[in-house]
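Residue strings, one per chain:
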Amino acid sequence: MSAPDRPLSAAPADPSRQERGDPAQYTSPGQPLISFILRPFWLPLLLLLGVGVSVLVAVDRNARSAALVSEAQARLTLITMLLRDTADLERGQRGYVITGMQSFLQPYTNTKKIFPGHIEALRKSSVTDQQRVDLNRVALLIGAWDRQAALPEIAARRESLDAAVKLVSDGSGKRTLDEARQTLNAMQSRENARLNAALLSSTATLRNVRAVTLLGLLLSVLLLILTAIRAARTVAGNVQDVTARARQMAAGDYDDRLPPTPLLELRELGQQFQIMAGAVKEREQALRTTNTALERSNRELEQFAYVASHDLQEPLRTIGSYTELLSKRYTGQLDERADQYIAFTISATQRLKYLIQDLLAYSRVRQSGRNFSAVNTAEIVAQVLDDLQLQIQGAEVRVESMPVVWGNPELLRHVFLNLIGNALKFRAEGRPAHVSVSAQDDGTHWTVCVHDNGIGIEPQYHDRIFGVFQRLHGPSEYEGSGIGLAVTRTAVEQHGGTLSLNSVLGQGSVFSFTVPHAPASLGRSSNPLLPAGAEGKLEPDPPSTAPF
Ligand code: ADP
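Note that this is a predicted model, so its numbers are computed, not measured. (Residues numbered from 1 in each chain as written. Predicted model: local features only at pLDDT ≥ 70, side-chain atom pairs only at ≥ 80, totals over all residues. Heavy atoms only, no water.)

**Q** Could you give me a rundown of the confidence of the model for the protein, with the residues and numbers involved?
**A** The predicted model of the protein has a mean per-residue pLDDT of 85, with 89% of residues at 70 or higher. Of the regions scoring below 50 in pLDDT, residues 1-26 engages in 39 contacts with residues more than four places distant in sequence or in other chains. Across residues 523-548, confidence stays below pLDDT 50; counting only partners more than four residues off in sequence or on other chains, it has 46 contacts. (pLDDT = per-residue confidence, 0-100. Contact = heavy atoms within 4.5 Å.)

Quick look at the structure:
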């Protein structure tokens, strides 16, 4: 999906969606999710890398400063030693000249031995020309002092004090030595300056690196957070759009499109969504057409069944009346076979009459509208039992507390009539029939059960018997049309309920159906099974026998 082919049907409501949904923003071919999420992280990562490199450079520079510091310190130590050597040479030589005692000459002779070593060490650690020039100058001056002043004065003292004093008072030796000392002091000052500069540079480097690291880290963390928030918001927003679109599709809106997205995967998902929406729309259209055709043909069929059975009643009544007349007037007057034929005709006419009546009932039940009201099932059951008085003979029927439900009284009458009628009809030989009618509140609806101890039904027929004209016995065994349970199931389904069967062959059956509660606004009496103010009137019949 590149730029949207047509504008969105509904403008995005929230600003973040507007932000994502600007079509001009996404004219590019789209970005894979992984690159969309990871690419913006380059900048903060580069920044972090920069911080790392600057820390490394700073550490290196600091190490160099530290080396400079330690070298300068070593040179300073050597210069201090040379100053001390100069002082020792002078002290030893002067002491001998003044006292003439050999022991005073000791510092002079000792220092002369170690002095070249110190000069050599300082030369090795010198790094600038200035240092080398200064050092050479010190070595030359000390050498000159020794040759031109110290040694001649020592030799003169061996002869006499006066000869030595005469040479010392010349002052040239002292000047040479002072000059050497001055040079050493100048060297010391320069080394101190170098040392301070190295220390200052190291401190400045540390300060700078600390500032750069802190700033870089702060900036990187900020960028990382912003990048993560942006990626999360975009992905979450786009996923929300897909969810909203899926919701729209579920609600039957197939034309709207997914808002534009920069994410390649979501664009592809959007395309698939459109294809799916198109397919669902087409199928729905086809289903609707088929449904309309089916509904029409169903209506026509039902009308045909109704008209046919209704119109058949008239000629059937005529046949019935005349065969009964024939039977009344001519039974015993014709031969035995003729009497038998008349009896067969009467019985067949009777069966056809019931069949047509049942078909009409089925057709009416299917066409009945949802004109529901609060129905007192205790009253309906009482009427049904009244109608079934003939069939009840020899049976024991127990009705428990029955509820007020929300339904169509006519349909519910069919339901009870068929279920109780069958329970009485399919009684087992050799034991008295026991039938019980009860109801149980399942929280959202009532479950009503009609329980018998009749012949029972084999499991493989538990579904089949609910079809039209499905019977498990011939008319000679049990009379009936095979429509009763179909009518019952349709009537229960008109109430949004279900009809189910639990039966064991030879032991009995329980037919249960669900039916909605009467609305709470109708109020309830203390007995939840009875409507408000109806107590006493709807009390169930006492059981006619003990429970079986
Ligand atoms: P009909 O009762 O007219 O035969 P129904 O549709 O009422 O038709 O029932 C279909 C079949 O289901 C019956 O023929 C019978 O075989 C079986 N049946 C229904 N109710 C019971 C029952 N209570 N006990 C045993 N069999 C039953």
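**Q** Outline the sheet that holds strand S2 (residues 395-399), listing residues and values.
**A** Pairing within the open sheet is mixed, and its 5 strands lie in the order S2-S4-S5-S7-S6. Of all strands in the sheet, those bounded by a partner on one side alone are S2 and strand S6 (499-504). Adjacent strand axes in the sheet meet at a mean angle of 15 degrees when their direction is disregarded. Inspection of the sheet shows S6 paired to strand S7 (residues 508-516) by 6 bridges, in the antiparallel sense. In the sheet register, Ser503 faces S7, and the bridge partner there is Ser509. The strands touched by helix H12 (residues 409-425) are S2, strand S4 (433-441), strand S5 (445-452), S6 and S7; relative to S7, the strand with the most contacts, the crossing angle is about 170 degrees. Docked against the sheet, helix H13 (residues 484-494) engages S6 and S7, running at close to 135 degrees with respect to S6. (Pairing = 2+ DSSP bridges. Helix = DSSP H or I, 4+ residues; strand = E, 2+ residues; numbered from the N terminus. Axes fitted to C-alpha atoms, helices over the stretch in contact; angles between N-to-C directions.)

**Q** Quick rundown of the site of the ligand? Include the residues and the values.
**A** Close to the ligand lie 21 residues, the nearest being Asn422, Asp452, Arg471, Gly482 and Leu485. Interatomic distance of 3.1 Å between a backbone N/O atom of Ser481 and an oxygen atom of the ligand. Between the ligand and Leu485 there is a distance of 2.8 Å, counted from an oxygen atom to a backbone nitrogen or oxygen. Out of a free accessible area of 530 Å², the ligand has 98% covered by protein chains. Breaking the shell around the ligand down by element, the ones donating at least two residues are H12, H13 and S7. (Near = heavy atom within 4 Å. Polar contact = N/O pair within 3.5 Å; in protein donor to acceptor, adjacent residues only side chain to side chain. Areas by Shrake-Rupley, 256 points an atom, 1.4 Å probe, with all protein chains shown as cover.)

**Q** Give a detailed account of the environment of Val510, specifying residues and quantitative values.
**A** Position of Val510 among the secondary structure elements: in strand S7. Here the alpha-carbon distance between Val510 and His451, two residues 59 residues apart in the chain, equals 4.4 Å. Look past the residues within four positions of Val510 in its chain and what remains in contact with it is Cys449, Val450, His451, Ser500, Leu501 and Asn502.

**Q** Tell me what's going on with the pairing of S5, and back it up with residues and numbers.
**A** Counting buried positions over the 8 residues of S5 gives 6, a clear majority of the element. Across 7 bridges, the pairing between S4 and S5 is antiparallel. Considered in S5, the bridge of Gln440 is made with Thr447. The loop that links S4 with its antiparallel partner S5 comprises 3 residues; one of these, Gly443, has a positive phi angle of about 90 degrees. Across 8 bridges, S5 lies against S7 in antiparallel orientation. By the bridge assignment, Cys449 is partnered in S7 with Ser512. (Buried < 20%, exposed > 50% of the residue type's maximum accessible area, 1.4 Å probe, protein only.)

**Q** Before we move on, can you summarise the side chain of Asn238 with the specific residues and values?
**A** Locating Asn238 in the fold gives a position in helix H7 (residues 172-250). What makes Asn238 buried here is its relative accessible area of 2%. A distance of 2.6 Å separates a polar atom in the side chain of Asn238 from the backbone oxygen of Thr234.

**Q** Which residues make up the nonpolar core, and what are the values?
**A** Core analysis: the biggest nonpolar cluster contains 43 residues, and Phe416, Ile420, Val437 and Phe513 have the highest contact counts within it. Broken down by element, the residue count for this core peaks at 8 residues, all from H12. Of all hydrophobic cores here, the second largest spans 23 residues; its members include Ile79, Val138, Leu177 and Ala180. (Core = buried A, V, L, I, M, F, W, Y, C linked by side-chain atoms within 4.5 Å.)

**Q** Which residues make up the packing of aromatic side chains, and what are the values?
**A** The final tally for this structure, using the stated rule, is 4 aromatic pairs. Pairing Tyr108 with Trp145 gives two aromatic rings, centres 6.2 Å apart and planes at 70 degrees, and the pair type is edge-to-face. With Tyr108 in helix H4 (residues 106-125) and Trp145 in helix H5 (residues 129-159), this pair connects stretches of sequence that are 37 residues apart. Each member of the pair, Tyr108 together with Trp145, is buried. A ring pair is formed by Phe426 and Tyr478, whose centres lie 4.9 Å apart and whose planes are at 50 degrees; its orientation type is tilted. With Phe426 in the loop between H12 and S4 and Tyr478 in the loop between S5 and H13, the pair connects residues that are 52 residues apart, well separated along the chain. By relative accessible area, which is 17% here, Tyr478 ends up buried. (Phe/Tyr/Trp six-rings, centres within 6.5 Å; stacked < 30°, edge-to-face > 60°.)

**Q** Describe the pattern of salt bridges, with residues and values.
**A** For the structure on display, the rule yields 17 salt bridges. Among the salt bridges present, the one from Glu191 reaches Arg75, with a minimum N-O distance of 3.0 Å. Here the residue Glu191 occupies a position in helix H7, and Arg75 occupies one in helix H3 (residues 42-99), the gap between them amounting to 116 residues. Overall, Glu191 belongs to the buried group, its relative accessible area being 2%. Glu120 is paired through a salt bridge with Arg123; the nearest N and O atoms lie 3.2 Å apart. With Glu120 and Arg123 both in helix H4 and 3 residues apart, this pair spans about one turn of that helix. (Salt bridge = Lys/Arg side-chain N within 4 Å of Asp/Glu carboxyl O.)

**Q** Requested: an account of unusual backbone geometry, with residues and values cited.
**A** At Phe469, a position not held by glycine, the phi torsion is positive, near 65 degrees. By the secondary structure assignment, Phe469 is in the loop between S5 and H13. Phe469 sits in the partly exposed class, given a relative accessible area of 45%.

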